Amino acid sequence: EATVVAQKDAGIQSTYLGSIDIPLVHIQRTPVVFGEADVLKAIQLMPGVQGGNEGFTGLYVRGGGPDENLILLDGVPIYNVDHMLGILSVFQTEAVKKVTLYKGSFPARYGGRVSSIVDIRTNDGNMKETHGSIGVGALTEKFHLEGPIIKDKLSYSLSARGLHTIFFDPLIRYFGKRIDENSDMYANYFCYDLNGKITWRPTDNL
């Protein structure tokens, strides 16, 4: 006799008609161009969702255009959600706690869009201990740190990401057109993201 025990560590859960809860581990393990885990690129793999071009973050939900999606970060609408014409989104996976996609039957608290709702909630920070991570990828360097300010009461979460120029400077110099042929100036591009959050839990019931 044999007993097989398995734990579901990555999958899709639905708690509302027309909604999909996307686990963070699913986003981190999704293969993407340049190896940069991305929230919006992971959403492109969901049923009823398509991406415009390979490797870009545009969302086309059930035939709708990218401008017909409402993207929320902790309840605040975000209107410009990508860098480098769509290669990277502004959402760092280390700063994200929960991602919910609504493809239809939107709750009454949402409005203003006709295609979909992407509700992104950020990391609250660890109330027990301090930990962090540092990462270097093909496009960016990343830094994340979280921990308690007052144990079990007050915590912080800090994430930063920047486009490193070691990879892009040679490409820009080679492909970019000089602004002035008589000068050394050339077109350049740089982007960065910084996410910070402080969470206060006054009682154990919150």
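Keep in mind that what you see is a predicted model, and the values were worked out from it rather than measured.

Caption draft 1: Quick peek at the pattern of salt bridges. This model, assessed by the stated rule, comprises seven salt bridges. Across the salt bridge formed by lysine 142 and glutamate 94, the nearest N and O atoms sit 3.7 Å from each other. Of this pair, lysine 142 sits in strand β11 (residues 140-150) while glutamate 94 sits in the loop between β7 (88-89) and β8 (96-102), and the two are 48 residues apart along the sequence. Residue glutamate 94 is classed as partly exposed on the basis of its relative accessible area of 22%. Here the salt bridges share partners, and the residues they tie into one network are Asp74, Lys97, Asp124 and Lys197.

Caption draft 2: Representation of the packing of aromatic side chains within the structure. Taken as a whole and judged by the stated rule, the model has one aromatic pair. For the ring pair tyrosine 102 and tyrosine 110, a centre distance of 5.3 Å and an interplane angle of 55° mean the geometry is tilted.

Caption draft 3: Expanded view of the sheet that holds strand β12 (residues 154-163). Strand order in the open sheet formed by four strands is β10-β11-β12-β13, with antiparallel pairing between adjacent strands. Both edges of this open sheet fall to β10 (131-136) and β13 (192-200), since each of them pairs with a single strand only. Each strand of the sheet is rotated relative to its neighbour by a mean of 5°, with strand direction disregarded. Two strands pair when backbone bridges link them, and β11 and β12 are joined in this way by 10 bridges, in the antiparallel orientation. Its bridge partner being in β12, histidine 144 is matched across the sheet by serine 159.

Caption draft 4: Structural context of the sheet that holds strand β4 (residues 69-73). Taken in spatial order, the five strands of this open sheet run β1-β8-β9-β4-β5, and their pairing is mixed. In this open sheet, the two strands that pair with only one neighbour each are β1 (19-22) and β5 (76-77). Pairing of β4 with strand β9 (residues 116-122) involves five bridges; the strand directions are parallel. Looking across to β9, one finds that leucine 72 is bridged to aspartate 119.

Caption draft 5: Looking closely at a nonpolar patch on the surface. A surface patch of nonpolar side chains, amounting to about 420 Å² of accessible area, comprises Ile134, Phe143, Leu158 and Leu194. Along the chain, the position of phenylalanine 143 falls in strand β11.

Caption draft 6: Inspection of unusual backbone geometry at higher detail. At aspartate 74, a position not held by glycine, the phi torsion is positive, near 55°. Mapped onto the elements, aspartate 74 comes out in the loop between β4 and β5. By relative accessible area, which is 30% here, aspartate 74 ends up partly exposed. Phi at aspartate 152 takes a positive value of approximately 65°, unusual for a residue other than glycine. Structurally, aspartate 152 is set in the loop between β11 and β12. Judged by relative accessible area, which is 28%, aspartate 152 ranks as partly exposed.

Reading guide: rules and limits
Residues numbered from 1 in each chain as written. Predicted model: local features only at pLDDT ≥ 70, side-chain atom pairs only at ≥ 80, totals over all residues. Heavy atoms only, no water. Salt bridge = Lys/Arg side-chain N within 4 Å of Asp/Glu carboxyl O. Helix = DSSP H or I, 4+ residues; strand = E, 2+ residues; numbered from the N terminus. Buried < 20%, exposed > 50% of the residue type's maximum accessible area, 1.4 Å probe, protein only. Phe/Tyr/Trp six-rings, centres within 6.5 Å; stacked < 30°, edge-to-face > 60°. Pairing = 2+ DSSP bridges. Axes fitted to C-alpha atoms, helices over the stretch in contact; angles between N-to-C directions. Patch = residues over 30% accessible without salt bridge, like charges linked within 9 Å, V, L, I, M, F, W, Y side chains within 5 Å. Areas by Shrake-Rupley, 256 points an atom, 1.4 Å probe, with all protein chains shown as cover.

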